Amino acid sequence: MDAETDTWEPLSAGERAVALEVLTRGPLSRSELARRLDLSAGSLTRLTKPLIETGLLVEAPEGPARAESRQGRPSRPLDIVAESRAFAGFKITEDTVYGVVTTLKSDIVACRDIPLASREPGDVVAAIGELTDAFADAFPSLCGIGIGLGGRAQDRAVVDESAFLGWRDVPLARLVRERTGLPAVVDNDVSALVEAERWFGAGRGLDRFAVLTICAGLGYGLVSGGRRVETAEDGLGVGRFWIVDPSGPLSADGRRGSAVALLTIPSIRSQVRAATGEDATYEEILARAVEGEPLPARVVAEAARALGTLVAQIANFAMPQKILLAGEGVGLVDVAAPAIEEAIRANRHPRADPVNLETKVSDFHDWARGGAVLAIQVLVLGAAESGPGGPQHQETRVPSPR
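This one's a predicted model, so the numbers in the text were calculated from it and none came from an experiment.

Some details on the overall build of the protein
Okay, so step 1: Assigned secondary structure in the protein consists of 12 helices and 19 strands.
Okay, so step 2: Scored against the burial criterion, the 402 residues of the protein give a buried share of 50%.

What to know about the pattern of salt bridges
Okay, so step 1: All chains considered together, the criterion is met by 22 salt bridges.
Okay, so step 2: With a shortest N-O distance of 2.9 Å, Arg 30 and Glu 59 are connected by a salt bridge. One end of the pair, Arg 30, is in helix 2 (residues 30-37); the other, Glu 59, is in strand 2 (residues 57-59), with 29 residues separating them in the sequence.
Okay, so step 3: Since its relative accessible area comes to 21%, Arg 30 is described here as partly exposed.
Okay, so step 4: Between Glu 195 and Arg 228 there is a salt bridge, and its shortest N-O distance comes to 3.1 Å. Placement of the pair is Glu 195 in helix 6 (residues 189-200) and Arg 228 in strand 16 (residues 227-228), with a sequence separation of 33 residues.
Okay, so step 5: Counted as one network, the salt bridges with shared partners bring together Arg 156, Asp 187, Glu 195, Arg 198 and Arg 228.

Observations regarding the packing of helix 8 (residues 265-276) against helix 10 (residues 294-318)
Okay, so step 1: Two elements in contact, helix 8 and helix 10, have axes separated by 10 Å at closest approach and are oriented at 150 degrees. One element, helix 8, and the other, helix 10, form an angle in the roughly antiparallel class. At the point where helix 8 passes helix 10, the crossing takes the right-handed sense. Contact residues: Ile 268, Gln 271, Val 272, Ala 275 and Thr 276 in helix 8; Leu 295, Val 299, Glu 302 and Ala 303 in helix 10.
Okay, so step 2: Across the contact of helix 8 with helix 10, the residue classes tally to 6 nonpolar, 2 polar and 1 charged.

Side note on the side chain of Ser 29
Okay, so step 1: Within the element layout of this structure, Ser 29 appears in the loop between helix 1 (13-25) and helix 2.
Okay, so step 2: A polar atom in the side chain of Ser 29 sits 3.2 Å from the side chain of Ser 31.
Okay, so step 3: Side-chain polar atoms of Ser 29 contact the backbone nitrogen of Glu 32, separated by 3.1 Å.

Observations regarding the environment of Gln 154
Okay, so step 1: As for its position among the elements, Gln 154 is in strand 10 (residues 152-154).
Okay, so step 2: By relative accessible area, which is 40% here, Gln 154 ends up partly exposed.
Okay, so step 3: Along the chain, Gln 154 and Pro 171 lie 17 residues apart, while their C-alpha atoms are 9.3 Å from each other.

Points about the sheet that holds strand 11 (residues 158-162)
Okay, so step 1: The strand order across the open sheet built from 3 strands is 10-11-12, with neighbouring strands paired in antiparallel fashion. Both edges of this open sheet fall to strand 10 and strand 12 (167-170), since each of them pairs with a single strand only. Going from strand to strand, the sheet's axes swing by 20 degrees on average, the running direction of each strand aside.
Okay, so step 2: Bridge count for strand 10 against strand 11 is 3 bridges, and the pairing is antiparallel.

Thoughts on the packing of aromatic side chains
To describe a pair of aromatic rings, one takes the distance between the centres and the angle between the planes.
Okay, so step 1: A full pass over the atoms with the stated rule returns 4 aromatic pairs.
Okay, so step 2: Arranged with centres 6.2 Å apart and planes meeting at 25 degrees, the rings of Phe 90 and Phe 135 form a pair that is stacked. Taken together, the positions of Phe 90 in strand 6 (residues 86-92) and Phe 135 in helix 4 (residues 121-138) put the pair 45 residues apart, joining distant regions of the chain. Comparing Phe 90 with Phe 135 shows no difference in burial state: the two are buried.
Okay, so step 3: A cation over an aromatic ring shows up here: Lys 91 above the ring of Trp 367, its NZ or CZ 5.3 Å from the ring centre.

Notes on the pairing of strand 12
Okay, so step 1: With 3 bridges joining them, strand 11 and strand 12 adopt antiparallel strand pairing. The residue of strand 12 that forms the bridge with Ser 162 is Trp 167.
Okay, so step 2: Hairpin connection between strand 11 and strand 12: a loop of 4 residues separates the two successive antiparallel strands, and Gly 166 in this loop has a positive phi of roughly 75 degrees.

Topic: the environment of Thr 276
Okay, so step 1: One can find Thr 276 in helix 8.
Okay, so step 2: The class of Thr 276 is partly exposed, set by a relative accessible area of 42%.
Okay, so step 3: Separated by 20 residues in sequence, Thr 276 and Pro 296 place their C-alpha atoms 9.8 Å apart.

Brief notes about the nonpolar core
Okay, so step 1: Judged by nonpolar contacts, the single largest core of 37 residues is most densely connected at Leu 263, Leu 307 and Leu 332.
Okay, so step 2: When contributions to this core are tallied by element, the ones reaching two or more residues are strand 14 (209-214), helix 7 (259-263), helix 8, helix 9 (282-290), helix 10, strand 17 (322-327) and helix 11 (331-346).
Okay, so step 3: Broken down by element, this core gets its largest block of residues, 13 residues, from helix 10.
Okay, so step 4: Counting residues in each nonpolar core, the second largest holds 32 residues, with Val 125, Ile 128, Ala 157 and Val 170 among its members.

Description of the sheet that holds strand 16
Hydrogen bonds between backbone atoms are what pair the strands of a sheet, whose relative direction is either parallel or antiparallel.
Okay, so step 1: Read across the open sheet, the 5 strands follow the order 16-15-14-17-18; overall the sheet is mixed. Lying at the two open borders of the sheet, with one neighbouring strand each, are strand 16 and strand 18 (357-361).
Okay, so step 2: Where strand 14 lies against strand 17, 5 bridges are found, and the strand directions are parallel. Each bridged residue has a counterpart across the sheet, and for Leu 212 the counterpart in strand 17 is Leu 325.
Okay, so step 3: Contacting strand 14, strand 15 (218-224), strand 16, strand 17 and strand 18, helix 6 runs over the sheet at an angle of about 135 degrees to strand 14.

Quick notes on the side chain of Glu 21
Okay, so step 1: Topologically, Glu 21 is positioned in helix 1.
Okay, so step 2: In this structure, Glu 21 is in contact with Gly 26, Leu 28, Leu 33, Arg 36 and Leu 37, ignoring residues within four places of it in sequence.

Describing the confidence of the model for the protein
Okay, so step 1: Mean pLDDT over the protein stands at 87; residues scoring 70 or higher make up 88%.
Okay, so step 2: Every residue in residues 64-73 scores below 50 in pLDDT, and together they form 15 contacts with partners more than four places removed in sequence or on other chains.

Procedures and definitions
Residues numbered from 1 in each chain as written. Predicted model: local features only at pLDDT ≥ 70, side-chain atom pairs only at ≥ 80, totals over all residues. Heavy atoms only, no water. Helix = DSSP H or I, 4+ residues; strand = E, 2+ residues; numbered from the N terminus. Buried < 20%, exposed > 50% of the residue type's maximum accessible area, 1.4 Å probe, protein only. Salt bridge = Lys/Arg side-chain N within 4 Å of Asp/Glu carboxyl O. Axes fitted to C-alpha atoms, helices over the stretch in contact; angles between N-to-C directions. Parallel < 35°, antiparallel > 145°, perpendicular 65-115°, else oblique. Left-handed = near helix turned anticlockwise from the far one by under 90°. Contact = heavy atoms within 4.5 Å. Nonpolar A, V, L, I, M, F, W, Y, C, P; charged D, E, K, R; others polar. Polar contact = N/O pair within 3.5 Å; in protein donor to acceptor, adjacent residues only side chain to side chain. Pairing = 2+ DSSP bridges. Phe/Tyr/Trp six-rings, centres within 6.5 Å; stacked < 30°, edge-to-face > 60°. Lys NZ or Arg CZ within 6 Å of the ring centre and 35° of its normal. Core = buried A, V, L, I, M, F, W, Y, C linked by side-chain atoms within 4.5 Å. pLDDT = per-residue confidence, 0-100.

So, in structure tokens, the structure goes:
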């Protein structure tokens, strides 16, 4: 695959601002877009012209026309051409690379997965390369790759540390770029999911919101002032330090009553297995709790109280407009909502606003979509501005469709 055959056109700062506003807020009329960006009509026309010429923006063909000029000429709203570019997103687990293709608006249009031969970087890059080749054959407009994994990444390029892969200082973005010929970025999977929700999902248009993920581990992300808050703890598994019940079960590292010990899928399965000798799935445990089987019901009730306590504390300290619960473990909310709500109330001031809580069951393809959004951000914002600590060494350009 040869990305050098594309015609590349740089985006100016003003063009990026227009593209971003339409992408995350649109479709928008020209008058509304000019108002939001504090631009004159002439400046807006100058900035939108190259975006329309490269196929990034389009005048929406339908919808009520509004007279916006002094001559009363109707104007159609501007919108992003979602299908003008395609992006590959990947989620790396211990044994599989999950891949998706999305449009410029992050809608998933294809999924494909490959089991890993090993966790060695070479084998992971080979799997990503094989998936990218297949995606590029089906989607010639493929123009960027984003990768999410459990661990910490530096400058969206190098995996500093990934305990489950056993990696340190792996230049994954460079290796993938060399294999595929496409620009690539890598970040912690929770951070990628938060960015996806900030631009296209539950957090779109919100100044402050939080994301809590429940799956094999716990993840947390916060957006404040419309931007994701980056900390030194990102990707380090800090949930084991959140003590929500000092008399609760022990985690694998010996911490009693942590959120990890009470809430994660492996911990819940481990508690039931230790008491019954049976290796039940997470879904089976939830179902048995609903049926009233004593041990699963007790474990699920403890998890529900822990979740409610944790949600309340996030609301108390971060004061978000919304908290999104995501991940494979949010089925807990469906079976134990009253206990969760009771714990939230018990840990909030009686006159506090209700917590705006939203749930989203996420599979590995949803996590991979987060990776694709990282690549979308690079295209729209440029590499140096696409996220906190984004890569500074690449010049990002927008390819014309093949």
